[in-house]
Amino acid sequence: MKFGPVPLHEAAGLIAAHSVRADDATLRKGSPISAEIVARLERAGLREIVAARLEPGDLGEDEAASRLARHMAGEGVSAAEPFTGRCNLHAVRAGVLRVAREGIDAANAVDEAITVATLPPFKPVAAGEMVATVKIIPYAVPGVLIERARAAALSPPIAVEPYRLTRIGVVSTLLPSLKPATVEKTLRTLAQRFAPTGAGIVAERRVPHEGAAVATALADLIDRDGAELVVIFGASAIADRRDVIPAGIEAAGGRVDHLGMPVDPGNLLLVGARGAVPVIGAPGCARSPKENGFDWILHRLLAGLAVTRADIVALGVGGLLTEIVSRPQPRGGGASAEEEDG
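To keep things clear, this report deals only with the structure shown in the data block. Here the structure is a predicted model, which is why all the values come from computation and not from measurement.

Next up on the list: the sheet that holds strand β19 (residues 270–274). If you walk across this open sheet you meet the six strands as β16-β15-β17-β20-β19-β18, and the pairing is mixed. This sheet does not close on itself; its edge strands, each paired only once, are β16 (200–208) and β18 (255–259). Taking each pair of neighbouring strands and ignoring which way they run, the sheet shows an average axis angle of 20°. Taken together, the four bridges between β18 and β19 define a ladder with antiparallel strand orientation. For His258, the partnering residue across the bridge sits in β19 and is Val271. The sheet strands contacting helix α5 (residues 180–194) are β15 (167–174), β16 and β17 (229–233), and the helix crosses β16 at an angle near 155°. Packing against the sheet, helix α6 (residues 211–223) makes contact with β15, β16, β17, β19 and β20 (277–282), and its axis sits at approximately 160° to β16.

The following block contains the structure:
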């Protein structure tokens, strides 16, 4: 693409680099320059204009953006009509955004004229939500660059994984210090979290804060009620792998895959399973409706995505979330061990 000032009488068929207004003539930036507008600008006294001229093999900004965006869109994602060198991608279903970062990085590295931006990987998204955008910086790019970017991205790097698990079981352990109203509020908050996902609580158990009671409730929810995922809210925070909740999971024939998470609020989260059924030991902050580390793990599991130790330990960068009014302020010091409920 050639770019620069050209005599006005040679500008017909080129692309306006900037908006121009003269008398009653208006030419918008990025618009094709017609013979009619050339004549009107000449009558207004203009003799030169800054324009872009496509060369053989070039793609206009809209076509280039659309071609790359359509390649980027995987399952559950669609590309909209391009405009001003931009093509947005939207989720066609609710779910969890999956992004192959290496593909996005590789496409962005091809040339400064090509940019691709996405929402964070594993973000929960709603149907119709914009999840990514492709923007071509100049008015045109060599078509070969778009083909290189498509090849660099390999398979479509942007997809939305639909929510797959819908039957949720909940175990709440009880101590004299835990008010029944707190348990009720926790269940309501959890149900609200599930609302956008299509999941719901099929059964819940309230048991003493003892390992054997947790084990019985967990097995019952899975074997009798058909829970596809179980969330355990402890009356007291999980302090160790030998504590009540992890001990109860193991006593039920389950396993603890990881305890602790570099996300705050959300440090004291446990991830495990009993057979093929995921189990989450919820941190205390999960009782709040505010976003916390519990949400990050919950949505991945609801979408049927594996959550490994490597996945969890990689959450530290960006894992410091804002303080929430409903919890104490352990970061400032002075909180008791019981208050640091992660």
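Of the consecutive residues Asp264 and Pro265, the connecting peptide bond is found in the cis state with omega at 5°. Structurally, Pro265 is set in the loop between β18 and β19. For Phe122, which is not glycine, the phi torsion reads 70° and is therefore positive. If you trace the backbone, Phe122 turns up in the loop between β10 (114–118) and β11 (124–125). Although it is not a glycine, Leu154 sits at a positive phi angle of roughly 60°. On the secondary structure map, Leu154 appears in the loop between α4 (143–152) and β14 (158–162). A relative accessible area of 61% places Leu154 in the exposed class.

Where two aromatic rings form a pair, the distance of their centres and the angle of their planes describe that pair. Applying the stated criterion across every chain, the model contains one aromatic pair. With centroids separated by 6.4 Å and ring planes inclined at 55°, the aromatic side chains of Phe233 and Phe294 adopt a geometry described as tilted. One end of the pair, Phe233, is in strand β17; the other, Phe294, is in helix α8 (residues 293–302), and 61 residues separate them in sequence. For the pair Phe233 and Phe294, one class covers both residues: buried. The ring of Phe122 has Arg300 sitting right over it, with the charged end atom 3.6 Å from the ring centre.

Glancing now at the environment of Ile37. Locating Ile37 in the fold gives a position in helix α1 (residues 35–43). What makes Ile37 buried here is its relative accessible area of 8%. Considered as a pair, Ile37 and Leu8 are 29 residues apart in the sequence and their alpha carbons are 10.0 Å apart.

Another point: the pattern of salt bridges. Overall, the coordinates contain 16 salt bridges when judged by the stated rule. Residue Glu147 is joined to Arg67 by a salt bridge in which the shortest nitrogen-to-oxygen separation is 3.8 Å. Residue Glu147 is found in helix α4, and its partner Arg67 is found in helix α2 (residues 61–72); the two are separated by 80 residues along the sequence. A salt bridge links Asp225 to Arg205, with the shortest nitrogen-to-oxygen separation between them at 2.5 Å. With Asp225 in the loop between α6 and β17 and Arg205 in strand β16, this residue pair connects regions lying 20 residues apart in the sequence. Exposure remark for Arg205: the relative accessible area of 17% places this residue in the buried category. It is possible to trace a salt-bridge network through shared partners that takes in Glu63, Arg67, Glu147 and Arg150.

For β19, the tally of buried residues reaches five of five residues, placing the bulk of the element in the interior. On β19, burial covers both faces: Leu270, Gly272 and Arg274 on one face and Val271 and Ala273 on the other are all buried. Sheet topology note: the β19/β20 ladder contains five bridges and is antiparallel. Bridge pairing in β20 links Val271 to Ile280. Here β19 hands over to β20 after two residues, with Gly275 in that stretch at a positive phi of 65°.

Definitions and cut-offs
Residues numbered from 1 in each chain as written. Predicted model: local features only at pLDDT ≥ 70, side-chain atom pairs only at ≥ 80, totals over all residues. Heavy atoms only, no water. Pairing = 2+ DSSP bridges. Helix = DSSP H or I, 4+ residues; strand = E, 2+ residues; numbered from the N terminus. Axes fitted to C-alpha atoms, helices over the stretch in contact; angles between N-to-C directions. Contact = heavy atoms within 4.5 Å. Buried < 20%, exposed > 50% of the residue type's maximum accessible area, 1.4 Å probe, protein only. Phe/Tyr/Trp six-rings, centres within 6.5 Å; stacked < 30°, edge-to-face > 60°. Lys NZ or Arg CZ within 6 Å of the ring centre and 35° of its normal. Salt bridge = Lys/Arg side-chain N within 4 Å of Asp/Glu carboxyl O.

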